[in-house]
Amino acid sequence: MTSPEPPPAVTDEELLARFLLFSRWVREDRTLRPDGFMPSPDTELSVTRHRGLSEMALWQIGQAVADARLRATLYGRADLKAVDARRQRLRVDAAPLPANRNHANITGWPPEKPAQKIVAIVLAASAAFVARD
Amino acid sequence: MIIEMAASTILSLGTVTTQGASDTAQFVAEEAERGRRQLQDSFSFGLGGKGVFDELYSVAFRCLVGDWDGYGAAPLSANVYAQACQFLRALPLGIAAPSIGAEPDGHLTLEWYRSPRRLLSVSISPEGDLHYAALLGPNKAYGTEAFFGEVPRPILDLIHRVQAA
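An account of the accompanying structure is given in this report. Just so you know, these numbers come straight off a predicted model, no measurement behind them. (Residues numbered from 1 in each chain as written. Chains lettered and ligands numbered in written order. Predicted model: local features only at pLDDT ≥ 70, side-chain atom pairs only at ≥ 80, totals over all residues. Heavy atoms only, no water.)

## Here's the deal with the packing of aromatic side chains
Note the following rule: Between rings of Phe, Tyr and Trp, where Trp is taken as its six-membered ring, a pair exists when centres lie within 6.5 Å; planes separated by under 30 degrees are stacked, by over 60 edge-to-face, and by other angles tilted. Only runs of H or I of at least four residues qualify as helices and only runs of E of at least two qualify as strands under DSSP, and these elements are numbered from the N terminus. For each residue, the accessible area found with a 1.4 Å probe, counting protein chains only, is set against the maximum for its type, and the residue is called buried under 20%, exposed over 50%, and partly exposed in between. Charges are assigned to positions over rings by a cutoff of 6 Å between ring centre and Lys NZ or Arg CZ, combined with an angular limit of 35 degrees from the ring normal.
Summed over the entire model, instances satisfying the criterion amount to five aromatic pairs over all chains. Seen from their ring centres, B:Phe87 and B:Phe147 are 5.5 Å apart, and the 65 degrees between their planes marks the pair as edge-to-face. Taken together, the residues span a long stretch of sequence, with B:Phe87 in helix H4 (residues 78-90) and B:Phe147 in the loop between strand S5 (139-146) and helix H5 (153-163) at a distance of 60 residues. Accessibility classification places B:Phe87 together with B:Phe147 in one group, the buried group. These aromatic residues form a ring-pair network of at least three members: A:Phe22, A:Trp25 and B:Trp68. Above the face of the A:Trp59 ring, A:Arg77 is positioned so that its terminal group lies 4.8 Å from the ring centre. Between B:Arg89 and the ring centre of B:Phe53, over which it is positioned, the NZ or CZ distance is 5.1 Å.

## Details of the interface of chain A and chain B
As a measure of interface size, the accessible area lost when the parts come together is often cited. Where we set the bar: Residues count as neighbours in contact if any of their non-hydrogen atoms are within 4.5 Å of one another. Put simply, a salt bridge is a Lys or Arg side-chain nitrogen that is within 4 Å of an Asp or Glu carboxyl oxygen. We define a polar contact as two N or O atoms separated by no more than 3.5 Å, with the added condition that, inside protein, one atom must be a possible hydrogen donor and the other a possible acceptor, whereas residues neighbouring each other in sequence contribute only through side-chain atom pairs.
At the interface, 29 residues of chain A touch 37 residues of chain B. Inspection of the region where chain A meets chain B yields six salt bridges. For A:Arg27, the salt bridge goes to B:Glu111, with nearest N and O atoms at 2.7 Å. Taken together, the connections running from chain A to chain B amount to 19 residue pairs in polar contact (both at pLDDT 80 or more). Contributing elements (two or more residues each) for the side of chain A that touches chain B: strand S1 (15-20) and helix H3 (113-126) of chain A. A total of nine residues in the side of chain A that touches chain B trace back to one element, the largest contributor, which is H3(A).

Here is the structure:
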């Protein structure tokens, strides 16, 4: 059995989706709070590349993230260009998972929490909210 | 003993402290603090009337169990909730109400927001560390302050700068 080919590197203009399962990460004016762009405790921000996916296929991946949790709702997603993360000196690397070949990680976060927060604020300001229909 | 204090004096105060060591000084400080807390919780003057404490409870309850964001977020602890309550009560009366959120490391966040490029976010850790970051147009400010019952001056200044017209 041959292993699947590694995915191509993430280009600057690629759109990345961050699925939102916490309604408070979206403000009433439909802008995004920086909280949703803070890295996990292992200092990675998990995203899904739009590359080659239909809108329906993208939402199916988001729904799978929600379905993995008890009583979770997929409220929408935050779309961000890879270049916006790289402008903040972050790395964006393909990190395919068995259930999501388009998975990618945003890494290279500064170690100090306040510095992470200012980066997250800038990312949130660059991103666009797309509501789940 | 009757203690009178002008409302404007109380309104301008954050948490009331005293330099005095006598029993009387301590009593005055405690009474002033009690009055201030009642006002902070009140409908008319404080954050209680703006629903902030309800919002805080709602967020904390939602994030009690780990992985609440679907990406492995840490659960919120009772300590972080208690620190956030104390911080909110220490805010000067009449200040704009923040909105409440949470971060994947289990910290609660308070946000003062005018636009995506004009806001202040303060993270409260279980240990009482206040990690803050503000974007004010092209200017950035960020850092960490310890919370010992009073709202640190740099954070108060940033709240006012975000809210200024």
